[in-house]
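# An overview of the molecular structure
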Amino acid sequence: MNRAMMMSAAKNLLTRYGSTKNNIYRCMSTGKLTTVDVNEKSGVAVLTMNRLPVNGLNLELLRDIRNDIDEIEGNKCRGLILTSASSSVFSAGLDIMEMYKPNQDRLKEFWTTLQDTWLALYGSSVPTAAAINGHSPAGGCLLATSCEYRVMLPKFTIGLNETKLGIVAPKWFMATFCNVLPRRVAEMALTQGKMFSSEEALKVGLVDELAQSKEEAIEKCQQFFATFAKTNPFARAMTKQQFRSKDLQQLEDEKAQDLEAFLFFVNQPSVQKGLGIYLDSLKAKTK
Ligand SMILES: CCCCC/C=C\CCCC/C=C/C(=O)SCCNC(=O)CCNC(=O)[C@H](O)C(C)(C)COP(=O)(O)OP(=O)(O)OC[C@H]1O[C@@H](n2cnc3c(N)ncnc32)[C@H](O)[C@@H]1OP(=O)(O)O
């Protein structure tokens, strides 16, 4: 983050926290594929992804998540908990249909919206946590690891499985993973495309706690936010943003190249073939 960005972030934060210390605001859901519910007492917003069956991250869902994050920030919420309306899938990651035989204009819009959603979530000044109430592969894992804290239900899986699909997780996916896991564990898991069970994820630190129900997971996320009760919100947010600034700045600087690399990679005939085979294998499972 350069000096100008830092000053602008500081100004936003001062505006937010300067005069509103004791007020609680109600957030409204902006999208059709998400809902946002705010606990009026705690001021914590629960952002629920609701694109069933698997919360595949298509352009519209990403837009809704992005708009919700902006609204939660703007409405001075005290925390953001990301969760899913499904009882078995947090998010299946990027909707592969967006990348398979794509319309090129939509493909660009899709990737740019993913970049912007990540910048907004990873760099959010509001405390963030994920209540991971189902499987969370690839892009689902990216969303969860972009948050500051993770609580997961047992018997699900989470990880960046891209190498198993014949694709490469972009640098910022890897940076987000490395912000959570020890570097050695992250490199092994990334190259293997490893999906961790909830129990394994807890052991390596990919998630912070397990919970027996979604309600308990949300409660534990709220308890995490309560650990900031005696901190100054402005200092907290600036510390988080400075801690993450290298990763954020890198994507800001390389956004156009990252988009070009994505378009080039996805349009390779061998990648298209691989995506087609993978989609068929997913569909065959349900027959
Ligand atoms: C060097 C430069 C590099 C530049 C960048 C290059 C490349 C780009 C990299 C992009 C990074 C990619 C990130 C991703 O997120 S890719 C997506 C990865 N996701 C997965 O592999 C998950 C696949 N899904 C599953 O494993 C399972 O669906 C499940 C999440 C475990 C849930 O299982 P279950 O409840 O049994 O549901 P079903 O498998 O029956 O699925 C229901 C229907 O949903 C369809 N489905 C599932 N996942 C996806 C998906 N990700 N995209 C699109 N569609 C999906 C599935 O086919 C079923 O459809 P049907 O009802 O029509 O049969």
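The model shown is predicted, which means the values in this text are computed figures rather than measured ones.

### Remarks on the packing of helix α3 (residues 104–122) against helix α10 (residues 245–266)
As a packed pair, α3 and α10 sit with axes 10 Å apart at the nearest point and diverge in direction by 155°. Taken together, the axes of α3 and α10 are roughly antiparallel relative to one another. The hand of the α3/α10 crossing is right-handed. Seen from α3, the contacting residues are L107, K108, W111, T112, Q115, L119 and Y122; seen from α10, they are D247, L248, L251, K255, D258, L259, F262, L263 and V266. Residue composition of the contact of α3 with α10, grouped by class: 10 nonpolar, two polar and four charged.

### Structural notes on helix α5 (residues 171–178)
Burial in α5 covers these residues: W172, F173, T176 and F177. Projected down its long axis, α5 carries its buried residues within an arc of 145°, all on one side. In the core, the buried residues of α5 are packed alongside α3, α4 (139–146), α6 (183–192) and α10.

### Structural notes on the sheet that holds strand β2 (residues 44–49)
Through backbone hydrogen bonds, the strands of a sheet pair up, either in parallel or in antiparallel fashion. The six strands lie next to each other as β1-β2-β3-β4-β6-β9, forming an open sheet whose pairing is mixed. The open sheet has two edge strands, β1 (34–38) and β9 (209–210), and neither has a second partner. Examined bridge by bridge, β1 and β2 share five bridges and lie antiparallel to one another. Paired with T35 across the bridge in β2 is T48. Packing against the sheet, helix α8 (residues 214–226) makes contact with β2, β3 (79–84), β4 (128–132), β6 (149–152) and β9, and its axis sits at approximately 165° to β4.

### Structural notes on the sheet that holds strand β8 (residues 196–197)
The three strands are arranged β5-β7-β8 in an open sheet whose pairing can be described as mixed. Two strands lie at the open edges of the sheet, namely β5 (136–137) and β8, each paired on one side alone. Strand direction decides the pairing type here: β5 and strand β7 (residues 157–159), joined by two bridges, are parallel. Bridging from a neighbouring strand, S136 pairs with I158 of β7.

### As for the site of the ligand
Taken together, 30 residues lie around the ligand, and A92, G93, A138, G139 and L282 are the ones closest in. Of all the secondary structure elements, the ones that give two or more residues to the shell around the ligand are α10 and α11 (269–285). Tallying contributions element by element places α10 first for the shell around the ligand, with four residues. Looking at the shell around the ligand residue by residue, the class counts come to 19 nonpolar, seven polar and four charged.

Here is what the cut-offs are and how they apply
Residues numbered from 1 in each chain as written. Predicted model: local features only at pLDDT ≥ 70, side-chain atom pairs only at ≥ 80, totals over all residues. Axes fitted to C-alpha atoms, helices over the stretch in contact; angles between N-to-C directions. Helix = DSSP H or I, 4+ residues; strand = E, 2+ residues; numbered from the N terminus. Parallel < 35°, antiparallel > 145°, perpendicular 65-115°, else oblique. Left-handed = near helix turned anticlockwise from the far one by under 90°. Contact = placed C-beta atoms within 7 Å. Nonpolar A, V, L, I, M, F, W, Y, C, P; charged D, E, K, R; others polar. Buried ≥ 20, exposed ≤ 12 C-beta atoms within 10 Å, placed from the backbone. Arc of directions from axis to C-beta. Pairing = 2+ DSSP bridges. Near = placed C-beta within 6 Å.

Note that every value here comes from positions in space, so none of it alone points to a role or purpose.
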